[in-house]
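Structural characterization, general
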Amino acid sequence: MLGAGPRSVGPNDAVNVAVIGLGATTAVGGVGGRGHQLIGRLREIPGVKIVALCDADQAHLDRELEAARDHGGKVAAYHDPREVLDDKGIDAVVIALPNHWHALATVWACQAGKDVYVEKPFSYDLWEGQQMVAAARKYGRMVQVGTQNRSSAFLRRVFDRLRGGELGAIRFAHALVYRARDGIGSVDAPTPPPRTVDYDLWCGPAPKKPLMRKQLHYEWHWIWDTGNGEMGNNGIHVIDVCRWALGQDRTPPRAMSIGGRFAFHDCGETANTHIALLDFQPAPLICEVRNVGAGEGAASMGSSGVGTRAS
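The following paragraphs examine the structure supplied in this document. (Residues numbered from 1 in each chain as written. Predicted model: local features only at pLDDT ≥ 70, side-chain atom pairs only at ≥ 80, totals over all residues. Heavy atoms only, no water.)

**Points about the sheet that holds strand β2 (residues 48-54)**
With respect to topology, 6 strands assemble into an open sheet ordered β3-β2-β1-β4-β5-β6, the strand pairing being parallel. Two strands in the sheet have a free side with no partner beyond their single neighbour: β3 (76-78) and β6 (143-146). Taking the axes of each pair of neighbouring strands and ignoring which way they run, one obtains an average angle of 25° across the sheet. (Pairing = 2+ DSSP bridges. Helix = DSSP H or I, 4+ residues; strand = E, 2+ residues; numbered from the N terminus. Axes fitted to C-alpha atoms, helices over the stretch in contact; angles between N-to-C directions.)

Shown next, in the form of structure tokens:
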């Protein structure tokens, strides 16, 4: 049963959900629109009813409204997250916005009496994360972050046995993200945002600057005002798995990282080669990110894919 909110929800009632941030399904380098993907998963859950969709890009909104009609659903359409939160018929929100929106949208949702599922990374930085936790506690809301792997019953069993000492003491955990990417190119002058986008609303709490890259959507990951680079994109998943394996649920007493953006010579800002050390005791966690290979093919990365290991 959901916590106290604008609508009293019983254990046998449908949970009315709004999806905020639908994502670009055709962006170069993208993953197919995270909000778009979550809509499909939400439809599989008994007792969940999608009643509203929200996006600052009218093209994204039109795409999902058409899909909703194909599923026989009638949903409200909003551009501004604040309009969603004013809707008293909504019990919970799914936040799949760019990283710079996660904290503000979550805090607003808690204040409005909505429960929240927010995509990874939980927050843009540590301070914002602290405000999100404080809001959830103050307003008695349920807030879940989407690192997905925490739902794995298999990993839960593995890590219980690992921490039980069957393989000996863990000396360190190593999180690996070796994923080849291409640069995002450069521009000599500002690029007009898509005509379907309310760019002021899209920027939201981030500085509203001229768009100095070819593509608005997805490539925000590689710009510091809006994203956290690959460490905060795929790195989040493997870091969390390693923290779980180590039995760590707090921030480390010390942390450091080194890295840079090499080889691409583009307008991206975040590191494409990055190492972070989280000095947990008695076993530290090392996360290593690579987007640049020594040549063509997966072998050029030194290893391929995303993974973890404990030693």
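Now that the structure has been shown, the text picks up again.
**With respect to the pairing of β6**
Note on strand geometry: in a regular strand, side chains alternate between the two faces of the sheet. Of the pairings in the sheet, the one linking strand β5 (residues 115-119) to β6 comprises 4 bridges and is parallel in character. Within the sheet, the bridge partner assigned to E119 lies in β6 and is G146. Once the chain exits β5 it traverses helix α5 (residues 126-139) before rejoining the sheet at β6, and the crossover so formed is right-handed. (Right-handed = clockwise from strand over helix to strand, strands pointing away.)

**Here's the deal with the packing of aromatic side chains**
By convention here, two paired aromatic rings are described through the distance between centres and the angle between planes. The final tally for this structure, using the stated rule, is 4 aromatic pairs. The interplanar angle of 10° and the centroid separation of 6.2 Å between the aromatic rings of Y199 and W202 together place this pair among those described as stacked. Placement of both Y199 and W202 in helix α7 (residues 199-203) is noted, with a separation of 3 residues, approximately one turn of the helix. For the residue pair Y199 and W202, the accessibility class agrees, reading buried in each case. (Phe/Tyr/Trp six-rings, centres within 6.5 Å; stacked < 30°, edge-to-face > 60°. Buried < 20%, exposed > 50% of the residue type's maximum accessible area, 1.4 Å probe, protein only.)

**Structural notes on the nonpolar core**
If you look at the biggest cluster of nonpolar residues, it comprises 23 residues, and the most contacted ones within it are V84, I90, V93 and I95. Contributing elements (two or more residues each) for this core: β1 (15-20), β2, α3 (81-85), β4 (92-95), α4 (102-111), β5 and α5. In terms of residue count, the dominant contributor to this core is α4 (5 residues). Those residues in contact with V84 that lie beyond four places of it in its chain are A18, I20, C54, Y78, I90, V93 and K114. (Core = buried A, V, L, I, M, F, W, Y, C linked by side-chain atoms within 4.5 Å. Contact = heavy atoms within 4.5 Å.)

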